[in-house]
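# Geometric and topological summary
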Amino acid sequence: MIYQSNQMTLQSVMTVFRGVVNDAYVCKRIDGEEGLYLVLTIHDHTIAKQFIRMIEKSNKAPCHKAVFSDGKAVSVAFEYTKPRQFDAFLPTVPKTVDAYQSLCIGLVLRCMESPAPYPLLYLMLTQKQLHLMEDGQVKLSYAVDLKELDTQIDEKACAMLLSGMLRDLLSEVKADKNTSYQLLLKKIPKQRYAGFRELYRDLCLSRNEKHVGFFTKQKLLLLQHKQAIVNACILLCIILFIVACVCMLCEAIYGEIPIFRLFHDGMRQIGTEQLY
């Protein structure tokens with residue numbers, strides 16, 4: 001099957017699954033560029049409209065690479081993740097509190113930085129589209145069945161789902177001083193996690209907090225306030241642009257910029273006389 005858009009041309013090389021609502025394929029570029037992509041082909045027109053509206057209106061960075069439509073179905077291309085199923089490769093991780101703690105923190109950070117809208121991220125988590133790479137990093141795959149798509153899912157729902165997954169994971173290495181596990185046990189029944197930041201904080205309250213590096217913490221803060229930073233930068237650029245336009249207009253009309261008079265000593269000259 002060939003997928004073509006203004007951005008790229010793809011050809012399917014492998015079928016991941018076929019579903020009632022959508023199919024998933026691994027595709028390669030055949031337009032002179034190289035690369036593999038995961039393509040979701042959505043047959044259900046209602047789901048397709050909801051899905052496209054969801055990814056286009058997301059306040060995160062775009063998660064998709066291209067959109068294709070042939071009149072019968074809508075297909076969306078995403079970044080391809082090499083399959084290394086999390087559960088299958090989990091035994092390669094040392095079964096210690098430290099190792100599992102780092103793995104859990106990595107999972108939270110991966111969800112926080114994911115550009116996927118929360119309804120899509122929720123499906124990725126519920127359908128265990130988690131892959132454990134050779135270097136110990138966790139990646140998320142977009143190869144999801146959209147049959148259960150709920151566009152009302154928010155960050156809290158995703159954080160609560162992930163907290164339950166992490167609780168089960170940490171239960172395999174329980175220790176007397178595994179504080180984060182104990183906090184998860186207390187907070188999950190009370191629905192205390194409104195977002196990923198609170199979940200990350202509780203994980204870092206364990207005795208292994210010292211292993212969380214300075215740059216990791218700074219990355220967390222950046223991710224948490226990314227949208228505010230972007231908005232502030234945009235506002236600053238608009239203000240600077242307006243100021244520049246006003247200055248150019250004053251220069252064209254008056255031959256000078258009046259505000260610059262504040263930086264000159266106006267009493268140094270009276271008429272044609274110079275005062276020294």
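All values derive from a computational prediction rather than experimental measurement.

## So, the packing of aromatic side chains
Within the structure shown, the criterion is met by 3 aromatic pairs. Seen in terms of ring centroids, Tyr3 and Phe68 are 5.6 Å apart; in terms of plane orientation they differ by 55 degrees. Their pairing is tilted. Residue Tyr3 is found in strand E1 (residues 2-4), and its partner Phe68 is found in strand E5 (residues 64-69); the two are separated by 65 residues along the sequence. In this pair, the class of Tyr3 matches that of Phe68, namely buried. With a centroid separation of 4.5 Å and 10 degrees between ring planes, the pair formed by Phe78 and Tyr142 is classed as stacked. Taken together, the residues span a long stretch of sequence, with Phe78 in strand E6 (residues 74-79) and Tyr142 in the loop between strand E8 (138-140) and helix H5 (155-170) at a distance of 64 residues. Taking relative accessible area as the criterion, Tyr142 reaches 7% and is therefore assigned buried. Pairwise contacts between aromatic rings join Phe51, Phe78 and Tyr142 into one cluster.

## Observations regarding the pairing of E5
With 5 bridges joining them, E5 and E6 adopt antiparallel strand pairing. Along E6, the bridge assignment pairs Ser69 with Val74. The turn linking E5 back onto E6 is made up of 4 residues, and Gly71 within it adopts a positive phi angle of 90 degrees.

## Examining unusual backbone geometry
For residues besides glycine, phi is generally negative; the peptide bonds are generally trans as well. The residue Lys128 is not glycine, and still its phi comes out positive at about 55 degrees. As for its placement among the helices and strands, Lys128 is situated in the loop between helix H4 (118-126) and strand E7 (130-132).

## Points about the nonpolar core
Counting residues in each nonpolar core, the largest one holds 63 residues, and the members touching the most others are Phe51 and Leu120. With 11 residues, helix H3 (residues 97-113) is the largest single contributor of residues to this core. Once residues lying within four places of it in the same chain are set aside, the contact partners of Phe51 are Leu40, Ile42, Val76, Phe78, Leu120, Leu146 and Leu149. Judged by nonpolar contacts, the second largest core, of 10 residues, contains Tyr3, Val39, Phe68 and Ala77.

## Describing the pattern of salt bridges
Within this structure, the stated rule accounts for 8 salt bridges. Note that Asp23 and Arg18 form a salt bridge whose closest N and O atoms lie 3.9 Å from each other. Between Asp31 and Arg29 there is a salt bridge, with the nearest N and O atoms lying 2.8 Å from each other. Several salt bridges share partner residues, and in doing so they unite Lys82, Arg84 and Glu134 into one network.

## Let's talk about the packing of H5 against helix H6 (residues 179-187)
Look at H5 against H6: their axes get within 10 Å of each other, and the N-to-C directions meet at 135 degrees. Comparing their axes, H6 and H5 come out oblique. The crossing of H5 and H6 is left-handed. Contact residues: Ser163, Leu166, Arg167 and Leu170 in H5; Ser180, Tyr181, Leu184 and Leu185 in H6. Split by residue class, the contact of H5 with H6 holds 5 nonpolar, 2 polar and 1 charged.

## Topic: H5
Under the 1.5 Å per step criterion, the end-to-end length of H5 is 22 Å for 16 residues, consistent within 8% with the ideal 22 Å. Where the residues of H5 are buried, they touch helix H2 (86-89), H3, H4, E7, H6 and helix H7 (196-203).

Reading the values: the criteria
- Residues numbered from 1 in each chain as written.
- Predicted model: local features only at pLDDT ≥ 70, side-chain atom pairs only at ≥ 80, totals over all residues.
- Heavy atoms only, no water.
- Phe/Tyr/Trp six-rings, centres within 6.5 Å; stacked < 30°, edge-to-face > 60°.
- Helix = DSSP H or I, 4+ residues; strand = E, 2+ residues; numbered from the N terminus.
- Buried < 20%, exposed > 50% of the residue type's maximum accessible area, 1.4 Å probe, protein only.
- Pairing = 2+ DSSP bridges.
- Core = buried A, V, L, I, M, F, W, Y, C linked by side-chain atoms within 4.5 Å.
- Contact = heavy atoms within 4.5 Å.
- Salt bridge = Lys/Arg side-chain N within 4 Å of Asp/Glu carboxyl O.
- Axes fitted to C-alpha atoms, helices over the stretch in contact; angles between N-to-C directions.
- Parallel < 35°, antiparallel > 145°, perpendicular 65-115°, else oblique.
- Left-handed = near helix turned anticlockwise from the far one by under 90°.
- Nonpolar A, V, L, I, M, F, W, Y, C, P; charged D, E, K, R; others polar.
- Expected span 1.5 Å × (residues − 1).

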